[in-house]
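Understanding the architecture of this molecule
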Amino acid sequence: MRSKLHHLLVTPAEMAAIDRAAAQSGIDSFMLMRSAGMAVAAAAMRLFPQANRFVVLCGPGNNGGDGYVAAAALRQGGATVALFAHGDPATLRGDAARARSLWPEAVTPLGLFEPAPGDVVVDALFGAGLSRALPDDVIRVIDTVNDRGLPVIAVDLPTGIDGRTGEVRGAAFAACHTVTFMAPKPGHWLLPGRSFCGTLEVFDIGIPARIVMAGAGSFRLNAPSAWSGFGGELTLSTYKFTRGHLVVFSGDRQGTGAARLAAAAGLAAGAGLVTVASGKAALGINASHLTAVMVKEVDGKRDLEKWLRDRRLGSFVLGPGFGIGKRTRDFALALCDRALVLDADGITSFQENRDALFSALASRGGRMVMTPHEGEFARLFPDIAGDHALSKIEKAQSAARLSHAVIVYKGADTVIAAPDGRVVVNGNAPPWLATAGSGDVLAGITGAHLAQGMPAFEAAAAAVWRHGAAGNRAGQGLTAETLIGAISPLA
């Protein structure tokens, strides 16, 4: 049965505590292991009914226990099964030892495994709790299986993937299907782990939802439930200013396109009005390319401060194509008490002056969303980016706490983190979003949400999700312009 908790992201340490809490509540822990193993066996038979042989690889812990249950179930179902174990099965304890007793035949040492045509591998060596480098004999088996291209069904998480960080610990099975239990782990969705999991099945083995929810932390998978209730519903009395006025700052004559992309995206995403604020030199260029989007001459800090007296200006996007330097910093600091998306050049401009930005955000109470990609994140947060013990989730969390801003740490596994510790990991973005101008479109969508009054975290989470959904709708071959046309209504 599919788990209803598939929107959670539970760390391995949290899952271990949840397992203990379930046992302490009176639930038979072996029955949970039996449910897990049976789910794996059912997936194997469903996906590979034509397999010549199921090769079940069992490890020295509870992940191996799941494998023993699966092997026995496959054998009872009439399949040909060979079982290989890493370590001495006689040293197993508790539920894993009881699961081992279900297997009626001899257990062959892992080092003697030789692949054969038609093999399907069930990987129950190490699960999500792996946090150290794999033994050499396990790496050799992984390399052999991957080199042969054998299909692999992973139990909990492919062996070799760190469930907390998604990192590869020496080597990892390239699974075509992964069966995990109760809730996904960060390693299922963070790269590179995500690329090793194949399709992900989250199976409910019978731990009550209240126990899982009590033990889960603040990590979630990004989905409409993350911003439910903040969508700015339209009514018969809605007019353009109630939908919000978004301002996007344009760069000089040779850097105007990024701002226009962000502005067009903001309009498509629901802002009632959008204005491109431009220096005098680029004003005519922008005006000649825009119709529904307005233009406004803003040459310097004095012009900006005068314009900001208009409180109807709901949100701002600063950075795309704007240029790096003092002018950018001045504009950003002037906007720290407003709703601001700081992107691209806006982020890099504070590489040597970040404390001024962070102090302004802490004291002036604006709603800021910063949208760094890997390189920009490393420029603004070099100490955090260089801490290889942290996962991408933990890096985004640390950056959000330090900066007092919502961080959208971009990539194929974009992480959105709030200063209060909330995190969502996005999973709907297609690879063809990697194209020029895509980030500008994301900045515009985020700005539209802020203009509509959404809190910064919800605005960012919704924008990243809509951006991914638009990419899927636009399809391969999209450009930033066609991506804007594929933005759907806010769920």
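Everything that follows concerns the structure shown earlier in this document.
One structure accompanies this document, and this report is about it. Here the structure is a predicted model, which is why all the values come from computation and not from measurement. (Residues numbered from 1 in each chain as written. Predicted model: local features only at pLDDT ≥ 70, side-chain atom pairs only at ≥ 80, totals over all residues. Heavy atoms only, no water.)

Focus on the overall build of the protein chain
What counts, and what does not: What counts as a helix is a DSSP run of H or I of at least four residues, what counts as a strand is a run of E of at least two, and both are numbered from the N terminus. What the globule rule says is 2.2 Å times the number of residues to the power 0.38, and the radius of gyration is computed from C-alpha atoms. Note on classification: 1.4 Å probe, protein chains only; a residue is buried when its accessible area is under 20% of the maximum for its type, exposed when over 50%, partly exposed between these limits. Accessible areas in this description were obtained via Shrake-Rupley with a 1.4 Å probe; residue shielding takes into account the shown protein chains only. Counted as positive: Lys and Arg. Counted as negative: Asp and Glu. His and the chain ends are not counted at all. A charge is said to be at NZ when it belongs to Lys, at CZ for Arg, at CG for Asp and at CD for Glu.
The secondary structure content of the protein chain amounts to 19 helices and 17 strands. Its C-alpha atoms give the protein chain a radius of gyration of 26 Å, within 12% of the compact-globule value 23 Å for 491 residues. In the protein chain, which comprises 491 residues, the proportion classed as buried is 55%. If you sum the accessible surface of the protein chain, you get close to 19,700 Å²; carbon and sulfur atoms cover 52% of it. Both charge centroids of the protein chain, one from 46 positive and one from 42 negative side chains, sit 7 Å from each other.

Concerning the pattern of salt bridges
Operational definition: A pairing counts as a salt bridge when a side-chain nitrogen of Lys or Arg comes within 4 Å of a carboxyl oxygen of Asp or Glu.
Applying the stated criterion to the full structure yields 14 salt bridges. Its salt-bridge partner being aspartate 119, residue arginine 53 comes within 2.8 Å of it at the nearest N-O pair. With arginine 53 in strand E1 (residues 53-58) and aspartate 119 in strand E4 (residues 119-124), this pair connects stretches of sequence that are 66 residues apart. According to the relative accessible area criterion, arginine 53 is buried, its value standing at 18%. The salt bridge partner of aspartate 337 is arginine 364, with a shortest N-O separation of 3.5 Å. One end of the pair, aspartate 337, is in the loop between helix H11 (326-334) and strand E13 (339-342); the other, arginine 364, is in helix H13 (residues 354-364), and 27 residues separate them in sequence. Residue class for arginine 364 comes out partly exposed when judged on its relative accessible area of 35%.

What to know about the environment of leucine 333
For leucine 333, the position within the fold is in helix H11. Judged by relative accessible area, which is 26%, leucine 333 ranks as partly exposed. Between the alpha carbons of leucine 333 and glycine 251 there is a distance of 17 Å; along the sequence they are 82 residues apart.

Observations concerning the side chain of asparagine 222
Note the cut-off: Distance and chemistry together define a polar contact, namely a pair of N or O atoms within 3.5 Å, with one atom able to donate a hydrogen and the other to accept it when in protein, and with adjacent residues in sequence counting only for side-chain atoms on both sides. Whether two residues touch is decided by their heavy atoms; if any such pair falls within 4.5 Å, the residues are in contact.
Within the secondary structure, asparagine 222 is located in the loop between strand E8 (219-221) and strand E9 (245-249). Taking relative accessible area as the criterion, asparagine 222 reaches 5% and is therefore assigned buried. Among the polar contacts listed, one links the side chain of asparagine 222 to the side chain of asparagine 426, at a separation of 2.9 Å. Ignoring anything within four residues of it in the chain, the contact list for asparagine 222 reads Trp227, Ile416, Val424, Val425, Asn426, Ala461, Val464 and Trp465.

Concerning the packing of helix H17 (residues 438-451) against helix H18 (residues 456-474)
Rules: Throughout, an axis means a line fitted to C-alpha atoms (over the contacting stretch in the case of helices), and angles, computed between N-to-C directions, take values from 0 to 180 degrees. These descriptions rest on fixed angle ranges, namely under 35 degrees for roughly parallel, over 145 for roughly antiparallel, 65 to 115 for roughly perpendicular, and the rest for oblique. By convention, the crossing between two helices is left-handed when the near helix turns anticlockwise from the far helix through less than a right angle, and right-handed when the turn is clockwise. Ten residues, namely Ala, Val, Leu, Ile, Met, Phe, Trp, Tyr, Cys and Pro, are considered nonpolar, four, namely Asp, Glu, Lys and Arg, are considered charged, and the remaining ones, Gly among them, are considered polar.
Taken N-terminus to C-terminus, the directions of H17 and H18 make an angle of 140°; their axes are 8 Å apart at the nearest point. Taken together, the axis directions place H17 and H18 in an arrangement best described as oblique. In this structure, H17 crosses over H18, and the sense of that crossing is right-handed. For the pair H17 and H18, contact is made by Ser438, Val441, Leu442, Ile445, Thr446, His449 and Leu450 and by Ala456, Ala459, Ala460, Ala462, Ala463, Val464, Arg466 and His467, respectively. Classifying every residue of the contact of H17 with H18 gives 10 nonpolar, 4 polar and 1 charged.

What to know about the sheet that holds strand E3 (residues 108-109)
Heads up, the condition is: A pair of strands is considered paired only if DSSP assigns at least 2 bridges between the two.
Taken in spatial order, the 7 strands make up an open sheet running E3-E2-E1-E4-E5-E6-E7, and their pairing is parallel. Because the sheet does not close on itself, it has two edges, and the strands there are E3 and strand E7 (199-203). In the sheet, strand E5 (residues 152-155) pairs with strand E6 (residues 177-181) via 3 bridges, with the strands oriented parallel. Bridging across to E6, valine 155 finds its partner in valine 179. Packing of helix H2 (residues 29-47) onto the sheet brings it into contact with E1, E4, E5, E6 and E7, and relative to E6 it is tilted by some 160°. Strand contacts of helix H3 (residues 62-76): E1, strand E2 (81-85), E4, E5 and E6, with the helix running at about 160° to E1, the strand carrying the most contacts.

Describing the sheet that holds E13
In space, the 10 strands of this open sheet follow the order E8-E17-E16-E15-E14-E13-E12-E9-E10-E11, with mixed pairing throughout. Strands with a single pairing partner mark the edges of an open sheet, and in this sheet they are E8 and strand E11 (294-297). Adjacent strand axes in the sheet meet at a mean angle of 20°, parallel and antiparallel pairs treated alike. Sheet strands touched by helix H9 (residues 280-289): strand E10 (273-278) and E11. Its angle to E11, the strand with the most contacts, is close to 170°.

Structural notes on the packing of aromatic side chains
Put simply, the rule reads: Ring pairs shown here join Phe, Tyr and Trp side chains whose ring centres sit within 6.5 Å, with only the six-membered ring taken for Trp; geometry is labelled stacked below 30 degrees between planes, edge-to-face above 60, and tilted in between. A ring has a charge above it when a Lys NZ or an Arg CZ is no more than 6 Å from the ring centre and no more than 35 degrees off the ring normal.
Within this structure, the stated rule accounts for 9 aromatic pairs. Taking the centre distance of 6.1 Å and the plane angle of 20° together, the rings of phenylalanine 249 and phenylalanine 316 count as stacked. A residue pair is termed long-range when its members are at least 10 positions apart, and phenylalanine 249 in strand E9 and phenylalanine 316 in strand E12 (residues 313-318) qualify at 67 residues. Their ring planes at 45° and their centres at 5.5 Å tell us that phenylalanine 322 and phenylalanine 331 sit as a pair that is tilted. Each residue in the set Phe249, Phe316, Phe322 and Phe331 is aromatic and connected to the rest through ring pairs, giving one cluster. The positively charged end of arginine 327 is found above the aromatic ring belonging to phenylalanine 331, 4.9 Å away from the centroid. Directly above the aromatic system of tyrosine 409 lies the positively charged group of lysine 392, at a separation of 4.7 Å from the ring centroid.

Some thoughts on the environment of serine 35
The residue serine 35 is located in helix H2 in this model. Classification of serine 35 as partly exposed rests on a relative accessible area of 24%. With 168 residues separating them along the chain, serine 35 and phenylalanine 203 place their C-alpha atoms 9.1 Å apart. Not counting residues up to four positions away in its chain, the partners in contact with serine 35 are Phe203 and Ile205.

So, the side chain of arginine 260
Along the polypeptide, arginine 260 turns up in helix H8 (residues 257-268). This buried residue, arginine 260, is left without a salt bridge; glutamate 481 holds the nearest opposite charge, at 8.1 Å. Looking at arginine 260, its side chain comes within polar contact range of the side chain of threonine 256, at 2.7 Å. Among all residues touching arginine 260, those that are not within four sequence positions of it are Ile285, Asn286, His289 and Leu290.

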